[in-house]
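Structural overview for review
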Amino acid sequence: MRAFVEVSAGNTAKLTREQKGRFVALCWIAQIHKHIDNPKPSYVADWDDLPEWQRQTDADIFEKIENDA
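Below is a short write-up of the structure. Please read all numbers here as calculations on a predicted model, not as lab measurements.

Rules and cut-offs
- Residues numbered from 1 in each chain as written.
- Predicted model: local features only at pLDDT ≥ 70, side-chain atom pairs only at ≥ 80, totals over all residues.
- Heavy atoms only, no water.
- Axes fitted to C-alpha atoms, helices over the stretch in contact; angles between N-to-C directions.
- Helix = DSSP H or I, 4+ residues; strand = E, 2+ residues; numbered from the N terminus.
- Parallel < 35°, antiparallel > 145°, perpendicular 65-115°, else oblique.
- Contact = heavy atoms within 4.5 Å.
- Nonpolar A, V, L, I, M, F, W, Y, C, P; charged D, E, K, R; others polar.
- 1 Å grid on protein atoms, 1.4 Å probe; cavity = no way out; pocket = protein on both sides within 12 Å on 5 of 7 lines; lining within 4 Å.
- Points joined across faces, edges and corners; volume = space filled by probe spheres on them.
- Buried < 20%, exposed > 50% of the residue type's maximum accessible area, 1.4 Å probe, protein only.
- Expected span 1.5 Å × (residues − 1).

**Points about the packing of helix H2 (residues 17–35) against helix H3 (residues 52–68)**
In a pair of packed helices, the angle between the axes and the distance between the axes together describe the arrangement. Contact pair H2 / H3: the axes reach a minimum separation of 7 Å and the direction vectors enclose 95°. By the criterion of interaxial angle, the relationship of H2 to H3 is roughly perpendicular. Contacts between H2 and H3 involve Arg17, Lys20, Gly21, Phe23, Val24 and Ala25 on the former and, on the latter, Gln56, Asp58, Ala59, Asp60, Ile61, Phe62, Glu63 and Glu66. Taken together, the residues of the contact of H2 with H3 break down into six nonpolar, two polar and six charged.

Put into C-alpha cells, the structure is as follows:
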C-alpha cells in the first residue's frame, strides 16, 4: 500500500474513502490466498459482503499509511 501511495505521487488523496478501503480489502484477499490454500469464505469476502465496521477499518488502514508516507 505504501508503494501504491508513493508511486501515485500523492494522488491517492483523490480516491474516495470507499476506494481506499476496497484497495486494502483486495490486498488482504491476495495475501490470504498466498498463505492459505483453502481459506474460509469469510477471509476472502467481497467488499459488499463485509460488515460496515470492517469496511471502515480497511479505509482507516489506508489513510494511516497514506498519511505516514
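There is more to say after this.
**Quick notes on the layout of surface pockets**
Taken as a whole, the largest pocket spans an internal volume of roughly 180 Å³. Going through the elements one at a time, H2 and H3 are the ones with two or more residues in the lining of the largest pocket. When grouped by side-chain class, the residues that make up the lining of the largest pocket number nine nonpolar, two polar and one charged.

**Thoughts on unusual backbone geometry**
In this structure, alanine 9 takes a positive phi of about 55° despite not being glycine. Inspection of the secondary structure assignment puts alanine 9 in the loop between helix H1 (2–7) and H2. Judged by relative accessible area, which is 63%, alanine 9 ranks as exposed.

**Focus on H2**
For H2, with 19 residues, the first-to-last C-alpha span of 28 Å sits near the 27 Å given by 1.5 Å per residue. Looking at H2, one finds that the buried residues are Lys20, Gly21, Val24, Ala25, Ile29 and Ile32. Buried residues along H2 sit in contact with H3.

Any functional reading would require information beyond the geometric quantities listed.
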